[in-house]
Amino acid sequence: MKTIFITGATSGIGLATAELLASQNYRLILCGRNTEKLIQLKAELSEKTNVHVLEFDVRDKNAVAEKIESLPTDFQKIDVLINNAGNAHGLDSIDEGSDEDWDAMIDINVKGLLYVSQNIIPQMKGRKDGHIINIGSTAGKEVYPKGNVYCGSKHAVDAITTGMRLDLNPYKIKVGAVNPGLVETNFSAVRFKGDKERADKVYQGYKALQPQDVAEVILFAITRPPHLNITDLTMMCTAQASSTIVLKDE
Ligand code: 8X3
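This one's a predicted model, so the numbers in the text were calculated from it and none came from an experiment.

About the thresholds
- Residues numbered from 1 in each chain as written.
- Predicted model: local features only at pLDDT ≥ 70, side-chain atom pairs only at ≥ 80, totals over all residues.
- Helix = DSSP H or I, 4+ residues; strand = E, 2+ residues; numbered from the N terminus.
- Rg over C-alpha atoms; globule rule 2.2 N^0.38 Å.
- Buried ≥ 20, exposed ≤ 12 C-beta atoms within 10 Å, placed from the backbone.
- Contact = placed C-beta atoms within 7 Å.
- Near = placed C-beta within 6 Å.
- Nonpolar A, V, L, I, M, F, W, Y, C, P; charged D, E, K, R; others polar.
- Pairing = 2+ DSSP bridges.
- Axes fitted to C-alpha atoms, helices over the stretch in contact; angles between N-to-C directions.
- Arc of directions from axis to C-beta.
- pLDDT = per-residue confidence, 0-100.
- Right-handed = clockwise from strand over helix to strand, strands pointing away.
- Core = buried A, V, L, I, M, F, W, Y, C linked by C-beta atoms within 7 Å.
- Parallel < 35°, antiparallel > 145°, perpendicular 65-115°, else oblique.
- Left-handed = near helix turned anticlockwise from the far one by under 90°.

Caption draft 1: Region of the structure containing the overall build of the protein. Of the regular secondary structure elements, the protein holds 8 helices and 7 strands. Taken over C-alpha atoms, the radius of gyration comes to 17 Å for the protein, in line with the 18 Å a tight globule of 250 residues would show. Its C-alpha atoms give the protein principal-axis dimensions of about 55 × 40 × 35 Å. Here the protein holds 250 residues, and 39% of them are scored as buried. Taking the intrachain contacts of the protein between residues at least 6 apart in sequence as the baseline, contacts between residues at least 24 apart amount to 69%.

Caption draft 2: Quick peek at the site of the ligand. Around the ligand sit S137, T138, A139, G181, L182 and S243, and that is every residue in its neighbourhood. For the shell around the ligand, the class distribution of residues is 2 nonpolar, 4 polar and no charged.

Caption draft 3: Here's a closer look at the sheet that holds strand β3 (residues 51-55). Reading across from one edge, β3-β2-β1-β4-β5-β6-β7 is the order of the 7 strands in this open sheet, with parallel pairing throughout. Of all the strands in the sheet, the pair left with one neighbour each is β3 and β7 (232-235). Direction aside, the axes of adjacent strands within the sheet are offset by 15 degrees on average. With 6 bridges connecting them, strand β5 (residues 130-135) and strand β6 (residues 173-180) associate as parallel partners.

Caption draft 4: Representation of helix α2 (residues 35-45) within the structure. For α2, every residue scored as buried is listed here: L38, L41 and L45. Buried residues of α2 fall within an arc of 65 degrees about the axis and therefore sit on the same side. Turned more than 90 degrees off the buried face of α2, the exposed positions are T35, E36, I39 and A43. On the buried face of α2, the contacting elements are α1 (12-23), β2 (27-32) and β3.

Caption draft 5: Highlighting the confidence of the model for the protein. Per-chain confidence: the protein averages 98 in pLDDT, with 100% of residues scoring 70 or above. Reported confidences for the modelled complex are a pTM of 0.98 and an ipTM of 0.94.

Caption draft 6: The arrangement of unusual backbone geometry in detail. You will see that N25, though not glycine, has its phi angle at about 70 degrees, which is positive. Mapped onto the fold, N25 is located in the loop between α1 and β2. Assessed through the 12 C-beta atoms surrounding it within 10 Å, N25 is described here as exposed. Within the chain, K128 stands out as a residue other than glycine whose phi angle is a positive 55 degrees.

Caption draft 7: The arrangement of the pairing of strand β4 (residues 80-83) in detail. Neither face of β4 is left uncovered, since the one carrying V80 and I82 and the one carrying L81 and N83 both have all their residues buried. As paired elements, strand β1 (residues 3-6) and β4 share 3 bridges and run parallel to each other. Following the sheet pairing, I4 is matched in β4 by V80. Between the parallel pair β4 and β5, the chain is carried across by helix α4 (residues 99-127), and the sense of this crossover is right-handed.

Caption draft 8: Here's a closer look at the nonpolar core. With 63 residues, the main nonpolar core has I6, A18, L28 and L30 as its most contacted residues. When near neighbours in sequence (up to four residues on either side) are disregarded, L30 contacts I6, A9, A18, L38, L41, V51 and V53.

Caption draft 9: Local environment of the packing of α1 against helix α8 (residues 211-222). Contact pair α1 / α8: the axes reach a minimum separation of 8 Å and the direction vectors enclose 55 degrees. Classified by the angle between their axes, α1 and α8 sit oblique to one another. By crossing handedness, the relation of α1 to α8 is classed as right-handed. Where α1 approaches α8, its residues G12, I13, L15, A16, T17, L20 and L21 are matched on the opposing element by P211, Q212, V214, A215, E216, I218 and L219. When its residues are assigned to classes, the contact of α1 with α8 shows 10 nonpolar, 3 polar and 1 charged.

So this is what it looks like as structure tokens:
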């Protein structure tokens, strides 16, 4: 059975993916920043499969290296890395944005993805076998008003995914991205810093993608035969036509 490493596993798409993959008996390494949530998740999913949890912040490159180094023998061989950890911080015009929000988005969405990958690629390279799935976004395909730095971070994920695929091709490592549009998670609550009313409004008047929808696509990518790599898959709910065009009920 394959071992799957998921960052940002305690909420949203990461959590739904952990739950779906547990039901399919994959061995799971679940990573996040919240120890309590990780312990609870381990207790829940251990009923279905073998689970190991790692608590670290993807921004902390030393912690990333140390925690991955500390994996017990049974969990050391990682078959699939799902770089899911990522957030939006703020939705402000570029002249009004905060440098703290910019740092958070670049540090988590871009540099965090690189730090985690850096510590897992060598073993995949050594085995000439492995699969990396980066969770991008429609914001990595188009830029929308006030999306500036978030869109920039996801465009970086888009470019880095291609770069990884090119560079890791000699080592037979599959690299691809899944790019969801609007997904009903706590994404907007984080973006709007806990303003629940504003966050809820984002998903009102239409049926947004659910985190389970994205998890199913990730499972599809993982279960393709060795010769088939899903390189780049963009998905939106039916009501969404682009980052700025969403058909809502009157
Ligand atoms: C999340 C999608 O449209 O809020 O990456 O940027 S969007």
